[in-house]
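Below are the chains, spelled out letter by letter.
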Amino acid sequence: QVQLVESGGGLVQPGGSLRLSCAASGFTFSRYTMSWYRQAPGKERELVATISWSGLNTNYADSVKGRFSISRDNAKNTVYLQMNSLKPEDTAAYYCTTTLTVTDRYWGQGTQVTVSS
């Protein structure tokens, strides 16, 4: 079955960096667009970044442009989110997701990122 397992979250000071990973299994990873979303307490889940199956095309939320970078390693079935210059407003649970069909979207369990001094 499809599994997405995020890791790499934690507590970091403002201005710091973290690298999130999402290990995928149960589907042909290299054929699908992958995305990272985040959800802060009391707020709706929002799209952070998307990467095409080839890795050649990426898109970012305006709030993270220039600070975050999404990448993937199709040989390792893993997608990454490099987060630099972190701000307290980046505090959220971060989720990896993919849509295999129009009706089948899969989510990981999430990894918590807390930016605080």
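Residues numbered from 1 in each chain as written. Predicted model: local features only at pLDDT ≥ 70, side-chain atom pairs only at ≥ 80, totals over all residues. Heavy atoms only, no water.

*Asks:* Is there a simple way to explain the overall build of the chain in this structure?
*Replies:* Across its full length, the chain holds 0 helices and 11 strands. For the chain, the succession of helices and strands along the chain, N to C, is β-β-β-β-β-β-β-β-β-β-β. Expected size for 117 residues packed as a compact globule is a radius of gyration near 13 Å; at 13 Å, the chain falls within 12% of this value. Principal axes of the C-alpha set define a box for the chain whose edges measure 40 × 30 × 25 Å. Here the analysis covers contacts within the chain between residues at least 6 apart in sequence; of these, 52% occur between residues at least 24 apart. Carbon and sulfur atoms provide 46% of the accessible area of the chain, an area that totals close to 6,300 Å². Counting 11 positive and 8 negative side-chain charges, the chain places the averaged centre of each group 5 Å from the other. (Helix = DSSP H or I, 4+ residues; strand = E, 2+ residues; numbered from the N terminus. Rg over C-alpha atoms; globule rule 2.2 N^0.38 Å. Contact = heavy atoms within 4.5 Å. Areas by Shrake-Rupley, 256 points an atom, 1.4 Å probe, with all protein chains shown as cover. Lys, Arg positive; Asp, Glu negative; His and termini not counted. Charge placed at Lys NZ, Arg CZ, Asp CG, Glu CD.)

*Asks:* When you look at unusual backbone geometry in this model, what are you seeing that I'm missing?
*Replies:* Among all residues except glycine, the phi angle is most often negative; among peptide bonds, the trans geometry is most common. Of note in the backbone geometry, Asn77 takes a positive phi value of approximately 55° without being a glycine. Note on placement: Asn77 falls in the loop between strand E7 (68-73) and strand E8 (78-83). For Asn77, a relative accessible area of 26% puts it in the partly exposed group. Its identity is not glycine, yet Ser85 carries a phi of approximately 50°, on the positive side. Within the secondary structure layout, Ser85 lies in the loop between E8 and strand E9 (92-99). Relative accessible area serves as the criterion here: at 41%, Ser85 is assigned to the partly exposed category. (Buried < 20%, exposed > 50% of the residue type's maximum accessible area, 1.4 Å probe, protein only.)

*Asks:* What is the right way to read the environment of Thr97 from this model?
*Replies:* Relative to the assigned elements, Thr97 resides in strand E9. Along the primary structure Thr97 and Gln109 are separated by 12 residues, whereas in three dimensions their C-alpha atoms are 9.8 Å apart. Not counting residues up to four positions away in its chain, the partners in contact with Thr97 are Leu4, Thr33, Met34, Ser35, Tyr37, Arg105, Tyr106 and Trp107. At 2.7 Å, the side chain of Thr97 forms a polar contact with the backbone oxygen of Tyr106. (Polar contact = N/O pair within 3.5 Å; in protein donor to acceptor, adjacent residues only side chain to side chain.)

*Asks:* How should the nonpolar core be read in this particular structure?
*Replies:* Where a protein is soluble and globular, its nonpolar side chains tend to be buried together. In terms of nonpolar packing, the biggest core is built from 28 residues, with Trp36, Val79, Leu81, Met83 and Tyr94 touching the most fellow members. Going through the elements one at a time, strand E3 (18-25), strand E4 (34-39), strand E5 (46-51), E7, E8, E9 and strand E11 (111-115) are the ones with two or more residues in this core. A per-element tally of this core places E3 first, with 4 residues. Those residues in contact with Tyr94 that sit more than four places away from it in its chain are Glu6, Leu20, Trp36, Tyr37, Arg38, Val48, Phe68, Leu81, Met83, Gly110, Thr111 and Val113. (Core = buried A, V, L, I, M, F, W, Y, C linked by side-chain atoms within 4.5 Å.)

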